[in-house]
Structures are given as C-alpha cells and as structure tokens.
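# A closer look at the structure
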Amino acid sequence: MILVTGGAGYIGSHCVRELKERGIDVVVYDNLTTGHIESVPEGVPFVKGDIFDVELLCETFAKYGVDSVIHFAAYSLVGESMVNPAKYYHNNVAGTLALLDAMIAEKVGYLVFSSSAATYGDCGSGLITEDSPQNPTSVYGQTKLMMEQFMQDYDKAYGLKYVALRYFNAAGAHVSGEIGEAHNPESHLIPIILQVANGTRGHIGIYGEDYPTPDGTCVRDYIHITDLADAHIRALDYLKSGGKSTYYNLGNGNGFSVKEVIDMTEKVTGLPIKREVEARRAGDPPTLVASSEKIRRELGWVPKYDSLESIISSAWKWHSTHPRGYSK
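The structure reproduced in this document is the subject of the present report. (Residues numbered from 1 in each chain as written. Predicted model: local features only at pLDDT ≥ 70, side-chain atom pairs only at ≥ 80, totals over all residues. Heavy atoms only, no water.)

## Side note on the pattern of salt bridges
Side chains carrying opposite charge are able to pair once their charged atoms draw close together. In total, this model carries 16 salt bridges according to the counting rule given. The residue Asp263 makes a salt bridge to Arg275 at a minimum N-O spacing of 3.2 Å. Within this pair, whereas Asp263 is found in helix H8 (residues 258-269), its partner Arg275 is found in strand S13 (residues 275-278), the two being separated by 12 residues in sequence. Judged by its relative accessible area of 41%, Asp263 is partly exposed. (Salt bridge = Lys/Arg side-chain N within 4 Å of Asp/Glu carboxyl O. Helix = DSSP H or I, 4+ residues; strand = E, 2+ residues; numbered from the N terminus. Buried < 20%, exposed > 50% of the residue type's maximum accessible area, 1.4 Å probe, protein only.)

## Quick word on the packing of aromatic side chains
Inspection of the entire model under this criterion finds three aromatic pairs. Where Trp318 meets Tyr326, the ring centres are 4.9 Å apart and the plane angle is 50°; that geometry is what we call tilted. In terms of burial, Trp318 and Tyr326 fall into one category: buried. Here the basic side chain of Lys87 rests over the ring of Tyr75, its NZ or CZ set 4.4 Å away from the ring centre. Looking at Arg166, its charged tip hangs above the ring of Tyr247, at a distance of 4.3 Å from the centre. (Phe/Tyr/Trp six-rings, centres within 6.5 Å; stacked < 30°, edge-to-face > 60°. Lys NZ or Arg CZ within 6 Å of the ring centre and 35° of its normal.)

Take a look at the structure:
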C-alpha cells in the first residue's frame, strides 16, 4: 500500500488517479488546507490529517499496511515564501521531518519526494542537469533543498531509500477533464491565462519583459501532470526493486517564454488574452529548462504529452468546464 501525502492537491490527485488506474493500492493523506476532497477517486481511502501528526501517521501506516510514501504535502508559492519564510520553514521542513520520523518508527522504507527545479536557482541559459549547482534564489527552493539533504542523512543513518524528483513546471490536466488545477489564489502561469480565457480574470500579468531571453520574458520548461505521475510510479518501482537513493530532473528539455505560452493559449482556445507588463517578482530566474536524460536512461521514462499545445489543450478541457475549479 502506498500513502500519498497531499494526495488531494493538484499534483497529488493526478498521481493518485494514475495509481488507481493501474490497479495499485493507495491511501490519501491530506489536511485539505489547499487540497480538494472532490479530486480523490471513489473507493480510495482518505485520511484527513496533518504531516505534523506523527501519531496519526503511524496509525495510518499500521492500519493500511503502508510500505512506501509519495510525499507532495508542502506549500509551494515562490513569492509568498519570500515574504513569509517562517510559514515555509515550519510546514515544508519541520513537517517533512515529522513524516520521516513516523516512517522510521513504522519501518516504512521507501519514499518518493516532490522536489523542485527551484533548488537550482539561476543556472544560466543552458540545460540544467542533476549535477548543476544547487543555489536556490527563493525560500521555497531552499526548503526543498533542505528536505533533500535530510533524506540523504536518513538514508545513511536509518536505511530509508528515497528518490527526489526535481520537476520543472507541472501543467495540464487529466485527459478526462474530471480533475485539474484549482488553487486559490492561483499562481501558475497556464491556469492564470486560462482564467482570462474563461472570463474569471481580467488579464494576465507578465512579470518583467527585460530578462536576458529572446523576447525578454522568463523561459520555463513545462511537463504534463500525467507524465509527472508516471515518473513517480517508475521511481517507486525502482526503489522497490533494490535501487539506491537518487534524484532526477523532470522536464521536457524545451523552454517556452511567458509570451509564447500566452500566444499558444490564444491558439488553443481561439480567444484573445489581454496581457499587461508588470514589475519583476523576487526569486524568478530568467531561464529554467531541464535535461531529463538521466531518468529517461535509467527508468525508461518518456513523456507522452510533450508538446506545449497538448499540455494547454488538456488544461483548457478542465478549465473550460470547471471555471471555478471544484466549487459548485
């Protein structure tokens, strides 16, 4: 049995859906602070709890016979982390330590961790590999890097095996259109643009157009949410087959600027997207594009939805039918 922390959130819910579709037993653990109970598939056990609650975690591990964890539970807003670092260190760092302690106590030996490209910071314009320097430019990225470091120590001391997946920009929605991205407030580029398209937002703000990129706007690597889920399952299979603790980048290896994403959204939706240039945000590197050669080579991971058009099309299927997310 796999326990998915944050399994009612955007990325977690898609991973849970993928696990269920493959017939793999899974239990969702989420405090519903930002998650949505509506995103949990029917028939999947759900435990409402906080990752600080070591006693409840231990009880859940024992009750369901949990042998592995996929850990998504964390705050993830870069801008917020810069103005409220205490919130991020407390939840992301201290919360993960509590989870690891519960895993050690109950002898749960495998962990797949939701890390981030934010651990790298500004690496210039080239492809980022797993060996690129990790110098976070945001508190959010720093918390993810600290968690990776904890896991290295827990492996050495307690034999806890882990894979840290450093993913770039998760995007898109399940192909059914039944679940998708629903944050409040929304902070990710593609859903914000689609909110303009579906009439729930007046315009998209472009945070700076004077970056050292081809059109002056930030360049990012977008990865479809279902491809992301597949990578988590492959990582867990790898660990359970005796693999050593390691880390992988997850991205498509192609970068798209903010303006290019807006233009593609106009093409997909057939609707005009009003845009306004605003001041830069703190902690935003100009370019973040992944080399995913390592996970392709070692785990056989190949993205199925690797075009920007297919990613935005799947997101539009969700946002056009759920303009207010999971709210009725």
